[in-house]
Amino acid sequence: MKKWMSEWGLWKSLFFALLAVNLVFAGVVFYWMTRPIKDMESLEKLNRNKEMVSIPFSSNKEDLNRVINHYIEEEAADSPIDYEVLLSDNLELYGTLSAFGKEVQLKVLFEPYTTEDGNIILRHRSIQIGEMSLPATFVLNYINEKYKVPEWVTINPAKKTIYLSLREMDLKSGITVEAKKFDLRNDDIQMNLLVPVE
């Protein structure tokens, strides 16, 4: 009977040892199964930069001409000034406006400059109505007073400039634009699309 008891003790010890190994194995498997898969540090960094994603792009005058004039057709269709833009070595604006009870042709040349905050300032080079050159302050003041321009366009007749606040342009899905470089002479146009990701 002692032999049987000693064999029973051996089997009992082996049983509990095997049970302990199984419990440890089950605990390790459970621990690894319940660990998060996500890299929390990367996700926290992503969540911190959630407002806007900046997508840089470059363009040329020809393509940007098409985009600008398409935007004018779509967004400024109800404008009392019928106009189009041509990018050459300068920004050229051609259009017609009502003055003195007649439709007259308008040609305005601007030199564009980018600002540090990604907007564009158009500095007056020349203004013609018909074949006559007119002072910029007079024409810009007339346009500013008589015509409704978009909220993101600010005409300053005293400085002979037009300020284009690109970030305030009403584009679809909350996308905004910022200008980085607008060198028309060298056909080097670099901008960022700012896409909201909230």
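Going by the structure above, here's the rest.
Everything in this summary refers to the structure shown in the same document. Every chain is numbered on its own, with residues counted from 1 as its sequence reads. The predicted origin of the model limits local features to residues at a pLDDT of at least 70 and limits the giving and counting of side-chain atom pairs to 80 or more, whereas totals for whole chains, interfaces and linings rest on all residues. Side-chain metrics in this entry use all non-hydrogen atoms of the structure; hydrogen atoms and water are not considered.

### Observations concerning the overall build of the protein
Okay, so step 1: Helix and strand counts for the protein come out as 4 helices and 10 strands.
Okay, so step 2: Helix and strand definitions follow DSSP, with helices as H or I runs of at least four residues and strands as E runs of at least two, each counted in order from the N terminus. Helices and strands appear in the protein in the N-to-C order α-α-β-α-β-β-β-β-β-α-β-β-β-β.
Okay, so step 3: Relative accessibility decides the category of a residue: with a 1.4 Å probe and only protein chains considered, values under 20% of the type maximum give buried, values over 50% give exposed, and everything between is partly exposed. Across the 198 residues that make up the protein, the buried fraction comes to 28%.
Okay, so step 4: Two residues qualify as a contact provided that any one of their heavy atoms is within 4.5 Å of a heavy atom in the partner residue. Pairs at least 24 residues apart make up 44% of the contacts formed inside the protein by residues separated by at least 6 positions.

### Looking at the nonpolar core
Okay, so step 1: Nonpolar cores are built from buried Ala, Val, Leu, Ile, Met, Phe, Trp, Tyr and Cys residues. Side-chain atoms within 4.5 Å join them into one set. One finds Leu106, Ile120, Ile162, Leu164, Leu166 and Met191 to be the most contacted residues of the largest nonpolar core, which totals 33 residues.
Okay, so step 2: Residues contacting Met191, with those up to four places away along its chain left out, are Ile55, Pro56, Phe57, Ile120, Leu166, Val177, Glu178, Ala179, Lys180 and Phe182.

### A few points about the pattern of salt bridges
Okay, so step 1: What makes a salt bridge here is a side-chain nitrogen of Lys or Arg within 4 Å of a carboxyl oxygen of Asp or Glu, nothing more. Following the criterion strictly, the structure yields 6 salt bridges and no others.
Okay, so step 2: Note that Lys180 is salt-bridged to Glu178, the shortest N-O span being 3.7 Å.
Okay, so step 3: Here the residues in one salt-bridge network are Glu111, Arg125 and Arg185, joined through shared partners.

### Description of the sheet that holds strand E1 (residues 52-59)
Okay, so step 1: In space, the 3 strands of this open sheet follow the order E1-E10-E9, with antiparallel pairing throughout. If you trace the sheet from one side to the other, it starts and ends with E1 and strand E9 (176-183), each paired once. Across the sheet, the mean angle separating the axes of adjacent strands is 20 degrees when strand polarity is ignored.
Okay, so step 2: Pairing analysis gives 7 bridges linking E9 to strand E10 (residues 188-196), with the strands arranged antiparallel. By the bridge assignment, Val177 is partnered in E10 with Leu193. Only strands joined by at least two bridges in the DSSP assignment are considered to pair. Axes here refer to lines fitted to C-alpha atoms; in helices the fit is confined to the stretch in contact. Angles between the N-to-C directions go from 0 to 180 degrees.

### Re unusual backbone geometry
Okay, so step 1: Backbone geometry at Lys160 places phi at a positive 60 degrees, although glycine is not the residue there.
Okay, so step 2: Tracing the backbone shows Lys160 in the loop between strand E7 (153-156) and strand E8 (161-164).

### Structural notes on a negative patch on the surface
Okay, so step 1: Here, patches come from residues exposed beyond 30% relative accessible area and free of salt bridges, joined within 9 Å for like charges and within 5 Å for nonpolar side chains (Val, Leu, Ile, Met, Phe, Trp, Tyr). Working definition of accessibility: Shrake-Rupley area with a 1.4 Å probe, residue cover restricted to the visible protein chains. Within this scheme the basic residues Lys and Arg register as positive and the acidic residues Asp and Glu register as negative, but His and the chain ends are omitted. In plain terms, the charge of a residue is placed at NZ if it is Lys, CZ if Arg, CG if Asp and CD if Glu. There is a patch of like negative charges on the surface, built from Glu73, Glu74, Asp82, Glu84 and Glu103.
Okay, so step 2: Looking at the secondary structure, you find Glu84 in strand E2 (residues 82-87).

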